[in-house]
Amino acid sequence: MSLDSARLAPMANAIRALAMDAVQAANSGHPGMPMGMADVAAVLWSKYLKFDPAAPRWPDRDRFVLSAGHGSMLLYAVLHLAGYARPTIDDIRNFRQFGSSCAGHPENTHLAGVEATTGPLGQGLAMAVGMALAERHLNAAFGDDLVDHRTWVIAGDGCLMEGVNHEAIGLAGHLKLGRMTVLWDDNHITIDGSTDLSTSEDIRARYAATGWHVASCNGHDVEDVARAIDEALADPRPSLVACRTIIGKGAPNKQGTSATHGAALGEAEVAAAREALGWSYPPFEIPADIYADWNATGERGKALRSLWQGRLEASSRGAEFSARMNGDLPGLHDWAAYKAKVAAEGPKMATRKSSEAALSVLTQDVPALIGGSADLTGSNNTKTPSTGALTTGNYGGRYVYYGIREFGMSAAMNGMALHGGVIPYGGTFLVFTDYARPAIRLSAIQQVRVIYVMTHDSIGLGEDGPTHQPVEHLQSLRAMPGVLVMRPADTLETAECWELALKETNRPSVLALTRQNLPAVRHDASENLCARGAYRLRAATADRLVVLVATGSEVELAIKVAEALEGQGIGADVVSMPCTELFDEQPESYRADILADDALRVSIEAGTTFGWERYTKADGLRIGLDHFGASAPAEVLFEEFGFSVEAIVPKILEKLGK
Ligand SMILES: Cc1ncc(C[n+]2csc(CCOP(=O)(O)OP(=O)(O)O)c2C)c(N)n1
Ligand SMILES: [Mg+2]
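Residues numbered from 1 in each chain as written. Chains lettered and ligands numbered in written order. Predicted model: local features only at pLDDT ≥ 70, side-chain atom pairs only at ≥ 80, totals over all residues. Heavy atoms only, no water.

**Considerations on the overall build of the chain**
We apply this condition: In DSSP terms, a helix is any run of H or I states spanning at least four residues, a strand is any run of E spanning at least two, and both are numbered starting from the N terminus. Between buried and exposed lies partly exposed: a residue is buried under 20% and exposed over 50% of the maximum accessible area for its type, with that area taken using a 1.4 Å probe on protein chains only. For accessible areas, the Shrake-Rupley method is used with a probe of radius 1.4 Å. Any residue's cover is judged against the shown protein chains and nothing else. When charges are counted, Lys and Arg contribute as positive and Asp and Glu as negative, whereas His and the chain ends are disregarded. Taken as the charge location is NZ of Lys, CZ of Arg, CG of Asp or CD of Glu.
Counting its regular elements, the chain contains 26 helices and 20 strands. Once the C-alpha set of the chain is aligned to its principal axes, its extents read approximately 90 × 55 × 45 Å. Looking at the chain residue by residue over its 658 residues, the buried ones come to 61%. Carbon and sulfur atoms make up 51% of the accessible area of the chain, which amounts to about 23400 Å² in all. Of the side-chain charges in the chain, 58 are positive and 79 negative, and the distance between the mean point of each set is 2 Å.

If you want it as structure tokens, here you go:
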């Protein structure tokens, strides 16, 4: 299809008008980016993007990610103009108001046409890498007939400047994700002013050095934009298309300046822009012929979807494919037997090894599981016999060597989960959740099933010392809404936590696992007790005066403390609390029963005590670590830092006044 410049100009101006009017109405938002990239968007939608507004979640659609999420009005305008059911023009009128689907930054949970929640710069592009990876993997698994689409990104200077950009493009370049195209809004402007203020980087050279193809164009010349995109499509590498643009293009007095970046243009400038653009229509009114031209951009995709639908119905694997894309789990054939065996044998094992054992079974039953690690495969125990390496020569593999890219890995996993058809899990040390944290937060906001396998979860890792020993990490992750933090105490609990993480379709999970061996603390697999978040592992024999609440490796210690107390006639319950979030969701009666009111509550966890008052109450006792660790063998550290029966029992006796 050749481009009709005469039609594209008013189509682009419709984006400009909606963007400046919506921002003006809200007196809040970012008109500059949508106005600057309006021409590029008009070309992309008209000629390239594969989509059907009637089926926004059609599995074989192209994925489009607005990494420069502050330019959300570009996406809202385009979705509306192209004929998606939402956003309506009223949604757009309510841009940035409470309850509007047109939130300040695009949110995947609000609109079917929004593939990813963006706004934290750099992460949209990094998630798109995961989408492109998922596409190649599913293509290898199901073939061209069912999976054959592209991933497009609009990114700004900010997205390219963020550190995560380096990790993301490194991964995409290495894995040769050639069906990914980044359209860079090369406007030389960020909030503080000219990019000259803060960067001298040769971005094209950096991308080229990372294995990317680079093209450039004038972002306001639609023929030139199409030429550059054609070049990108012809090249087998992932592509960066530098689109030289003018921020706020169309606002005659403010364009080209950071004044258009993040504030309403003002009544006078909006009027002047109408004049300059020859746009004579009132706010939120689009002429029918322009709607018609925009609506026509979906025709190609509509026809392609109908052909695809036919192939799906004809395919012997159609049902399997649809179930995969739905995120349905297949039957876990070997699972019950595995758990029964673990319960019977009670192995003494590090929970990272327990996780590997569980994964060996689950990855066999669940082909959607795609594993990986940020260069700690042998430590995280994330690889199983079912997960062969995913490489350029074998996209059908199920194990990604992410390299030392914790943030890039986590963002890519978000993109994979958003793409659908795969369930990503990936590992690093728990302490390095700090490197992945912004992506974990986006997992939670986006409500995606991503499973973080975080090993070496305390001073129990020993000699590597305080840089590697998490202290505040468990509590800081628990403080994040919408994330299940699970710290299992033995091999059975680890299996139960894996099962929960896998079945949790709308929430990410963090599994905190030990480096050191742990004994089995439970031998009954008849009910998944971790699902309760916390449960009574041992009931007091003598009159109950104490409830010990422990997680992970400290459950073993809590049992020994309880035995010592019982030896002195002091009854003590032991509560294992693998997941505080799930416990908080239990009915009041259950919680009251587990954390009895009439006893001294004592928490034991080898991490900060900050926050444990929630369960111990202010007058309880909190055994933890409110300082950094040290380099020494694990047993020495536990002893030195007071994680011993000898250190804990006297504290409890004192508190009881005995
Ligand atoms: C991680 C992160 N840091 C800071 C911000 C705040 N912020 C939003 S846009 C922006 C600058 C963007 O510059 P550019 O990407 O060039 O966008 P343009 O001004 O060209 O629209 C900043 C700093 C953010 N959204 N995310
Ligand atoms: Mg910019």
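**What to know about the pairing of strand 6 (residues 213-218)**
We count it as follows: When the strands point away from the viewer and the path from the first strand over the helix to the second turns clockwise, the crossover is right-handed.
Every second residue of strand 6 is oriented toward a common face, the buried set being His 213, Ala 215 and Cys 217 and the non-buried set Val 214, Ser 216 and Asn 218. Handedness of the β-α-β unit built from strand 6, helix 9 (residues 222-234) and strand 7 (residues 239-244) comes out right-handed.

**Brief notes about helix 5 (residues 123-142)**
Our working rule: By definition here, a helix of n residues has an expected span of 1.5 Å times n minus one.
Its 20 residues place the ends of helix 5 28 Å apart at the C-alpha level, agreeing with the 28 Å of an ideal helix rising 1.5 Å per residue. Of all 20 residues that make up helix 5, 18 are buried, and the element is covered over most of its length. Just past helix 5, the residue Gly 143 takes up positive phi, approximately 90°.

**Regarding the coordination of the magnesium ion (ligand 2)**
Short version of the rule: Donor atoms: N, O and S within 2.8 Å of the metal, or within 3.2 Å for Na, K and Ca. Because water is excluded, sites can look incomplete.
For the magnesium ion (ligand 2), the full set of protein donor atoms is Asp 157 (OD), Asn 187 (OD1) and Ile 189 (O), at a range of 2.0 to 2.2 Å. One chain supplies every donor to the magnesium ion (ligand 2), and in sequence these donors are spaced D-x29-N-x1-I. Taken as a pair, Asn 187 and Ile 189 share a single burial class, namely buried.

**A closer look at the sheet that holds strand 11 (residues 423-429)**
Cut-off, in case you're wondering: One requirement defines pairing of two strands: DSSP has to find at least two bridges between them. Fitting a line to C-alpha atoms yields each axis, with helices limited to the stretch in contact; the angle taken between N-to-C directions then spans 0 to 180 degrees.
Read from one edge to the other, the open sheet built from six strands follows the order 10-9-11-12-14-13, with strand pairing classed as parallel. Two strands bound the open sheet, and with one partner strand each, they are strand 10 (399-401) and strand 13 (484-486). Across this sheet, the average inter-strand angle for adjacent strands is 20°, counted without regard to direction. Pairing geometry for strand 13 and strand 14 (residues 509-512), over three bridges, is parallel. Bridging from a neighbouring strand, Val 485 pairs with Val 510 of strand 14.

**Brief notes about the packing of helix 15 (residues 351-365) against helix 20 (residues 491-503)**
Rule in force here: Every angle not falling under 35 degrees, over 145, or within 65 to 115 is termed oblique; those three ranges are roughly parallel, roughly antiparallel and roughly perpendicular. With the far helix as reference, a near helix turned anticlockwise by less than a right angle produces a left-handed crossing, and one turned clockwise produces a right-handed crossing. Contact between two residues is taken to exist if any of their heavy atoms lie within 4.5 Å; hydrogens are not considered. We call Asp, Glu, Lys and Arg charged. Ala, Val, Leu, Ile, Met, Phe, Trp, Tyr, Cys and Pro are nonpolar, and the rest, Gly among them, are polar.
Here helix 15 crosses helix 20 at 50°, and the two axes come no closer than 9 Å. With respect to helix 20, the element helix 15 is oriented oblique. As helix 15 runs across helix 20, the sense of the crossing is right-handed. For the pair formed by helix 15 and helix 20, the contact residues are Thr 351, Ser 354, Ser 355, Ala 358, Leu 359 and Leu 362 on the first element and Thr 491, Thr 494, Ala 495, Trp 498 and Leu 502 on the second. Looking at the contact of helix 15 with helix 20 residue by residue, the class counts come to six nonpolar, five polar and no charged.

**Comments concerning the site of ligand 1**
Selection criterion: Nearness is defined per residue: one heavy atom within 4 Å of the molecule or strand is enough. Distance and chemistry together define a polar contact, namely a pair of N or O atoms within 3.5 Å, with one atom able to donate a hydrogen and the other to accept it when in protein, and with adjacent residues in sequence counting only for side-chain atoms on both sides.
In the vicinity of ligand 1 there are 15 residues, among which His 70, Gly 119, Gly 158, Asn 187 and His 261 approach most closely. Contact between ligand 1 and Leu 121: a nitrogen atom at 3.1 Å from a main-chain N or O atom of the residue. Here an oxygen atom of ligand 1 and a side-chain polar atom of Asp 157 are 3.0 Å apart. Calculation on ligand 1 without its partners gives an accessible area of 580 Å², and the protein chains cover 73% of this total. Of all the elements in the fold, those that place two or more residues in the shell around ligand 1 are helix 6 (157-161) and strand 4 (189-190). Across the shell around ligand 1, the residue classes break down as six nonpolar, seven polar and two charged.

**Quick notes on the state of the cysteines**
A disulfide bridge is the covalent bond that connects two cysteines by way of their sulfur atoms. This is how it is decided: Put simply, a disulfide is two cysteine sulfurs that come within 2.5 Å.
Applying the stated rule across the entire model yields zero disulfides. Here Cys 217 stays unpaired: no disulfide links it, and the sulfur of Cys 243, its closest cysteine neighbor, is 3.9 Å away.

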